[in-house]
Amino acid sequence: MSDSSSGRAAPVLDVWCELQCSDCRDALDDLRALRARYGDRLELRLRHFPLEKHKHAFAAAQAFEEAAGQGQGWAYAEAVLGRVAELDRGGEPFLVEVARELGLDAEEFDTALIDGRHILIVDADQAEGRAIGVTGTPTYVIGGERLDGGKSQEGLRERVEGIADRLLAEQDG
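The structure reproduced in this document is the subject of the present report. Just so we're clear, the structure is a prediction, and the values are computed from it rather than from any experiment.

## Some points on the pattern of salt bridges
Where side chains of opposite charge bring their charged atoms close, a pairing between them can arise.
Okay, so step 1: Considering all chains together, one arrives at 21 salt bridges under this definition.
Okay, so step 2: Note that aspartate 26 is salt-bridged to arginine 25, the shortest N-O span being 3.5 Å.
Okay, so step 3: Using a relative accessible area of 33% as the deciding quantity, one classes arginine 25 as partly exposed.
Okay, so step 4: A salt bridge links arginine 157 to aspartate 30; the nearest nitrogen and oxygen atoms lie 3.2 Å apart.

## A few points about the packing of aromatic side chains
Okay, so step 1: Taken as a whole, this structure holds one aromatic pair when the rule is applied.
Okay, so step 2: A ring pair is formed by tyrosine 76 and phenylalanine 109, whose centres lie 5.3 Å apart and whose planes are at 35°; its orientation type is tilted. Within this pair, whereas tyrosine 76 is found in helix H5 (residues 73-81), its partner phenylalanine 109 is found in helix H7 (residues 106-115), the two being separated by 33 residues in sequence. Residues tyrosine 76 and phenylalanine 109 agree in their burial class; the two are buried.

## Re the side chain of aspartate 125
Okay, so step 1: Positionally, aspartate 125 belongs in helix H8 (residues 119-131).
Okay, so step 2: A distance of 3.0 Å separates a polar atom in the side chain of aspartate 125 from a polar atom in the side chain of arginine 47.

## Description of the pairing of strand E3 (residues 139-142)
Okay, so step 1: Alternating positions in E3 separate into two faces, Thr139 and Val141 on one and Tyr140 and Ile142 on the other, with burial throughout.
Okay, so step 2: Of the pairings in the sheet, the one linking strand E1 (residues 12-17) to E3 comprises four bridges and is antiparallel in character. Note on E3: the bridge partner recorded for leucine 13 is isoleucine 142.
Okay, so step 3: In sequence, E3 turns back onto strand E4 (residues 145-148) through a hairpin of two residues, with glycine 143 there showing a positive phi of about 55°.

## Remarks on the packing of helix H4 (residues 57-69) against H8
Okay, so step 1: Put simply, H4 and H8 touch, their axes get as near as 9 Å, and they point 115° apart. Relative to H8, the crossing made by H4 is right-handed. Each of Phe58, Ala61, Gln62 and Glu65 in H4 lies in contact with H8, whose residues at this interface are Ile119, Ile121, Val122, Asp123 and Gln126.
Okay, so step 2: Its residues assigned to classes, the contact of H4 with H8 comprises five nonpolar, two polar and two charged.

## Looking at the environment of valine 80
Okay, so step 1: Checked against the element boundaries, valine 80 lands in helix H5.
Okay, so step 2: Between the C-alpha atoms of valine 80 and phenylalanine 94, which are 14 residues apart in sequence, the distance is 8.8 Å.
Okay, so step 3: Setting aside its immediate chain neighbours within four residues, valine 80 contacts Leu19, Leu87, Phe94, Leu95 and Val98.

Conventions and cut-offs
Residues numbered from 1 in each chain as written. Predicted model: local features only at pLDDT ≥ 70, side-chain atom pairs only at ≥ 80, totals over all residues. Heavy atoms only, no water. Salt bridge = Lys/Arg side-chain N within 4 Å of Asp/Glu carboxyl O. Buried < 20%, exposed > 50% of the residue type's maximum accessible area, 1.4 Å probe, protein only. Phe/Tyr/Trp six-rings, centres within 6.5 Å; stacked < 30°, edge-to-face > 60°. Helix = DSSP H or I, 4+ residues; strand = E, 2+ residues; numbered from the N terminus. Polar contact = N/O pair within 3.5 Å; in protein donor to acceptor, adjacent residues only side chain to side chain. Pairing = 2+ DSSP bridges. Axes fitted to C-alpha atoms, helices over the stretch in contact; angles between N-to-C directions. Left-handed = near helix turned anticlockwise from the far one by under 90°. Contact = heavy atoms within 4.5 Å. Nonpolar A, V, L, I, M, F, W, Y, C, P; charged D, E, K, R; others polar.

Written out as structure tokens, the structure is:
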């Protein structure tokens, strides 16, 4: 019997991230590997934790939400993270340009960044992150455990997989 027909929700991996963060860029390979390994058996959620030292991170978080609304959240996150130095230099026009490159509605991106329609989501994520002790990015939260990837990502994917495997086994048990 598959997970979807059993009506059980997949375990959730929250990835507290910001799109101007080189450590988050370095975590992309781990995130791709986790998505490949678990597919829809593990719900991977990008959560926003823009750091004040990165002046475009808050706008980038809003842009991600617009991309997600247009059905391309992860593709957008990967595209921006892969070009952190360009975001450093280019700011909001770069965020709109990436949207255009991905075939998204760039005009809508521009408007979303001006009217601030996604600010509440970003603010709520940041507040929740602070409340659970997130201090840097990337930070992973799965099964009630917080794993800080900002200091070192060594062995993090294995730890996430261990917890995910345990949670899935408990579901199946």
